[in-house]
Amino acid sequence: MMNTFIAPWLINSKVSPPRISINVNRREALIELLRVHQDTPVILLEAPAGFGKTLLLSQWREQIRESGIHVAWLSIEPTDQSDILLPYMAFAFHHSGLDATQTGLLAAPAFSSSDFAYSLGRLLGFIENSQSRCVLILDDFENTPADVLPDINRLLHLQPGNLQLVFACRQNPGLALSGVAVAGNVLTIGPQQLMFSQAEVRDFFANTLAAREIDNIMEKTDGWPVALQLIRTFGTRTARPLGDAHTVSVSSRLIAGYFREQLFAHLSVVQQSFLRQTSILDVVTVACADHIRGSHDAGSVIQGLQHLGGIFSPLEYTLKDTQEAYRLHPLVREYLRQELIEAAADEYAVLNKKAAAWMLTHERGLDAMRYALAANDGDYAAAILEQMGGAMLWIREGMSRLTSGLKLLDGYELKGYPRIQLARSLLFAKTGRIVDSRQAFARARVASKAFTSDRPGGDNTLLQIEGAVIKMVIAEYGCVPANRIIADEAFSFVLQHAGNDPLLLGYIKTLQCLTSLQYGEFDDCLEYGAEAIARYLGLNSLYGELYIYFYFGMAALARLETDTALIHYNKATQMTHSAFPGDTGLKLLGNAVLAEFYWERGDTVKTKKYIRHVIKNICDMEAYFEIYTTAYQTAIFYLLFEQGAHDALDFMQQARERAIAQSLDRLVLFLSAAQVSILYFIDEGDAALKIAQQYSVLFAGMDDGAIFADKTWREVEAVLLALVRLSRLTGADLHAETWLQRAYNIASRTDNRRLMINVAIQTALNHRDRQEQAAAVTCLAAAVQQASQARYLRPFLNEYRHIQVLLAPVQGHMQAQNFTQQAVDTVQQLINYQPPGPPPTACSTGFSAREVQILSVLSKGYPDKLIARQIGLTAHGVRYHLKSIYQKMGVENRTQAIRQAHEMRIV
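Residues numbered from 1 in each chain as written. Predicted model: local features only at pLDDT ≥ 70, side-chain atom pairs only at ≥ 80, totals over all residues. Heavy atoms only, no water.

Q: Could you clarify how one ought to interpret the pairing of strand β8 (residues 325–328) in this entry?
A: Consecutive residues of a regular strand have side chains that alternate between opposite faces of the sheet. Burial of β8 is two-sided: the residues Ala-325 and Arg-327 facing one way and the residues Tyr-326 and Leu-328 facing the other way are all buried. When strand β6 (residues 284–285) meets β8, the two strands line up antiparallel, connected through two bridges. Paired with Thr-285 across the bridge in β8 is Ala-325. (Buried < 20%, exposed > 50% of the residue type's maximum accessible area, 1.4 Å probe, protein only. Helix = DSSP H or I, 4+ residues; strand = E, 2+ residues; numbered from the N terminus. Pairing = 2+ DSSP bridges.)

Q: Help me understand the environment of Thr-461, please; the structure alone is not making it clear to me.
A: With respect to the helices and strands, the residue Thr-461 is situated in helix α23 (residues 460–477). Judged by relative accessible area, Thr-461 falls into the partly exposed class, the value being 40%. The spacing of Thr-461 and His-497 is 36 residues in sequence and 9.4 Å in space, taken between C-alpha atoms.

Q: What am I meant to see in the nonpolar core here?
A: As a rule of thumb, nonpolar side chains are buried together in soluble globular proteins. Counting residues in hydrophobic clusters, the biggest one holds 179 residues, and the most contacted among them are Phe-274 and Trp-394. Ranked by residues supplied to this core, first place goes to helix α28 (residues 542–558) with 13 residues. The contact partners of Phe-274, leaving out residues within four places of it in the chain, are Val-284, Ala-289, Arg-293, Ala-298, Val-301, Ile-302, Leu-305 and Phe-312. Of all hydrophobic cores here, the second largest spans 43 residues; its members include Leu-86, Phe-141, Val-148 and Ile-152. (Core = buried A, V, L, I, M, F, W, Y, C linked by side-chain atoms within 4.5 Å. Contact = heavy atoms within 4.5 Å.)

Q: What am I meant to see in the packing of helix α32 (residues 625–642) against helix α33 (residues 645–661) here?
A: When two helices pack together, their arrangement is given by the angle between the helix axes and by the axis-to-axis distance. Two elements in contact, α32 and α33, have axes separated by 7 Å at closest approach and are oriented at 155 degrees. Considered as vectors, α32 and α33 are oriented roughly antiparallel to each other. In this structure, α32 contributes Tyr-628, Tyr-632, Ala-635, Ile-636, Leu-639 and Leu-640 to the contact, and α33 contributes Ala-645, Asp-647, Ala-648, Phe-651, Met-652, Ala-655 and Arg-658. Class assignment for the residues of the contact of α32 with α33 results in 11 nonpolar, no polar and two charged. (Axes fitted to C-alpha atoms, helices over the stretch in contact; angles between N-to-C directions. Parallel < 35°, antiparallel > 145°, perpendicular 65-115°, else oblique. Nonpolar A, V, L, I, M, F, W, Y, C, P; charged D, E, K, R; others polar.)

Q: Can you walk me through the sheet that holds strand β2 (residues 70–75) in this structure?
A: Taken in spatial order, the five strands line up as β2-β3-β4-β1-β5 in an open sheet, and their pairing is parallel. Sheet topology places β2 and β5 (186–189) at the edges, where each strand pairs with a single neighbour. Here the strands of the sheet are splayed against their neighbours by 15 degrees on average, with no regard to which way each runs. Here strand β3 (residues 134–139) pairs with strand β4 (residues 163–169) via five bridges, running parallel. Residue pairing in the sheet places Ile-137 in a bridge with Val-166 of β4. Against the sheet, helix α1 (residues 28–36) engages β1 (42–46) and β5, with an angle of about 170 degrees to β5. Running over the sheet, helix α3 (residues 82–96) touches β2, β3 and β4 and is turned about 140 degrees from β2.

Q: Before we go on, may I ask you to explain the sheet that holds strand β7 (residues 312–314) in this structure?
A: Paired through backbone hydrogen bonds, the strands of a sheet run either parallel or antiparallel to each other. Read across the open sheet, the three strands follow the order β6-β8-β7; overall the sheet is antiparallel. The open sheet has two edge strands, β6 and β7, and neither has a second partner. In this sheet, β8 lies alongside β7 in antiparallel orientation, the contact comprising three bridges. Bridged to Ser-313 within β8 is Arg-327.

Q: Where do I start with the packing of helix α25 (residues 489–498) against helix α26 (residues 502–518) in this structure?
A: Close contact between α25 and α26 brings their axes to 8 Å; oriented N to C, the two are set at 140 degrees. By the angle between their directions, the pair α25 and α26 is classed as oblique. The interaxial crossing formed by α25 with α26 has left-handed handedness. Of α26, the residues touching α25 (which contributes Phe-491, Val-494, Leu-495, His-497 and Ala-498) are Pro-502, Leu-504, Leu-505, Ile-508, Leu-511 and Gln-512. The residue makeup of the contact of α25 with α26, split by class, is nine nonpolar, two polar and no charged. (Left-handed = near helix turned anticlockwise from the far one by under 90°.)

Q: What am I meant to see in the environment of Asn-483 here?
A: Assignment of secondary structure puts Asn-483 in helix α24 (residues 482–487). When near neighbours in sequence (up to four residues on either side) are disregarded, Asn-483 contacts Thr-515, Tyr-519 and Asp-710.

Q: In this structure, what is going on with the confidence of the model for the protein? I would like to understand it.
A: Interpretation of this model should avoid reading the predicted coordinates in detail wherever pLDDT is low. Mean pLDDT for the protein: 84, with 89% of residues reaching 70 or above. The model gives residues 701–705 a pLDDT under 50, and that stretch makes eight contacts with residues more than four places away or in other chains. Counting interchain partners and residues more than four positions distant, the pLDDT-below-50 stretch residues 839–845 has 11 contacts. (pLDDT = per-residue confidence, 0-100.)

Q: Whenever I open this one, the packing of aromatic side chains confuses me. Can you help?
A: A ring pair, where both rings are aromatic, is described by two values, the distance of the centres and the angle of the planes. A complete count under the given rule lists 21 aromatic pairs for this structure. Geometrically, the ring pair formed by Phe-637 and Phe-681 is edge-to-face, given 6.3 Å between the ring centres and 85 degrees between the ring planes. Here Phe-681 lies in helix α34 (residues 665–681) and Phe-637 lies in helix α32, a separation of 44 residues in the sequence. When sorted by exposure, Phe-637 lands in the same class as Phe-681, which is buried. An aromatic cluster of three or more residues is present, and its members are Tyr-569, Phe-597, Tyr-598 and Tyr-610. In this structure, Arg-370 packs its charged tip against the face of Tyr-371, placed 5.9 Å from the ring centre. (Phe/Tyr/Trp six-rings, centres within 6.5 Å; stacked < 30°, edge-to-face > 60°. Lys NZ or Arg CZ within 6 Å of the ring centre and 35° of its normal.)

Set out below in structure tokens:
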């Protein structure tokens, strides 16, 4: 059932245009122009401040709403990000009369962090399926951050036929309109169209002016709407002829002078002080204005300012219980704020600090930080982020608000704030920057004397807890298996404090759930996970809860309970899309596990849908050992069997280089085992043996069973297959039978049927190699029987070239032994299988994708270190690839290589 809860951080003022005053003239000609273009997909109003863009759109909105059109209004702010804008778009349509709760985008308990694509599709699908004509107005569009523009351009690209997009901005910040403009699908309205004509000026002043006066006003203002409004407002207060408005022009300097000399002269001292002090606020409410001014008269002062229609305007609301709010015209606000800064800098700082305190008490922590920083008080902003929850904010509600808060603090070193350093360490770990994460953690440790002493006024207990938690997070995201994390003293410390904090206890249970998953203790995984979910439900922490469903899905897949696995995965991804629509890390995590699910089931079409995102973004994804091994293994073997050895090996090389650069030693060993298997499939025995010798630690303890000590079940699977395949490929006596038996014992003890089937297939192949046909057929038939129940095909498809000759005898054996029809059908499916191409082979000529990338950057004249930074390699890695490039081209230096690359049209 769709959650109808609307997140409390959705602010109504962002989706409400200014209320239209009854004495404001309607721009009939422009409204008619908009009506004529009601079928034009995109409308752009681009003009400087004061040209009446917002007023015009407000008037047009009122008119078309009467005809049943759903008009959504959204005002853009400079701090808006994609993951904030998307729920607001849904919220805006909700205000327009469409029940947007069914999109799931309004129910997020907190801000979400940034992949736009899925949730945008969800919103656009909702609009398209509404079968209503809809309009989305984005006001103040010039405020759009640069990193959000690609997502708005994606909105343009995917725009459904029943949606019209309207943008109002002072200057186009980079909206990609050339394509739609060429097709005649854009109406652009600029300053010339927005200026009042002489006839409109006459109507604006109710035909009370002589022709000379109209001419004089047009000469002084060029029909600039805000200047006309100021003249009319001024004229109602004095006997001065309107046509003599010589102080008004399109110059902001003169407008400022007008405000100072004429407009403010007709306001009381209290009103002037009120406007000047509240100019620091984006939106003015009675409660906030009273708080920052230390008074109780804001309501009455606002009543006395009602005549300033176009200058101090009420914002329109549709919800009955919403407090009335007002907004100063941007020009006036800018003038007043600058005047306040220049005349009373100390007062300006104090007002912003009071605004920050008010926002914080009203659960608007990010706004509070912005006001603190406007007061140039980075320390206060950092303290606010700590009060919001600091690094622990992540466990409760995800990374979005924490990420946004840390972004506001960019440029502030804050050495004396170890909890902020810990939060930065967490952010680095969550985005795959493990080296940076460790460095930030080390800085926090030094600044806090090993987490024993917080800043003055800080909280030593919270500091110690967060230090221990982030230490575990760094280990987890640094590919240290979870059993070592739990064995660390940090875990014991957090456990001691978890009894008083259900959130910490939920995190502890989550770690125990993950540990049990990694080491194949699947019953314990389910038990710990259920305990974690119970804690998170009590705290309404969807973020913590959904991870457990990913873990449950992985456990079910290992047991070949594939239907159950898919149920868990779908639940986790649905929670991600509804509650955290912009969280890129969670989205990629879902892509990784679903790619593995469909790959193991043999469904390459659905695998491609998910794996392409993993391959593209794996360097930036939120990942730890379990996810890295899942994602890399699926991606590598997908590339091998679907695109060829060249792409697989190139991707493998990039993965190894990155793992080495980030000091992910355990992942390097796992990738080495996967590389041995790749080389097995392309019959490169010497290269495979070289890898085994290079990473002898991976293959240590072959005689005494220590090879599987302290290894996760995924490592056991990867190492087992690497060793057995290496033995078969090279003919070396590497005790394959011993390893298979030990792996089988592990699989049996933990009910890891996936590992059991891999063991059975390799055992069958060993029997075949020894000419033991009957044993090979019996063993392979048993494997098919077990796999058929779960429609689990990948291990058979991977080894298809080697088991193909056994399939017909296996089918005969099954029929003779009365195996289930499902098992017989699975064998027939394997017999009918058509590999996507010839057996993969090594590519010894041509240039890899990485080499082409390096040549492209090299052609710009960059040195090795800059090339490395550009493409995410080490300088050593760049030199390694350059050596290979030189050999292939038969050149001796980079100048010759660049010339040759151009001649070969590589770049």
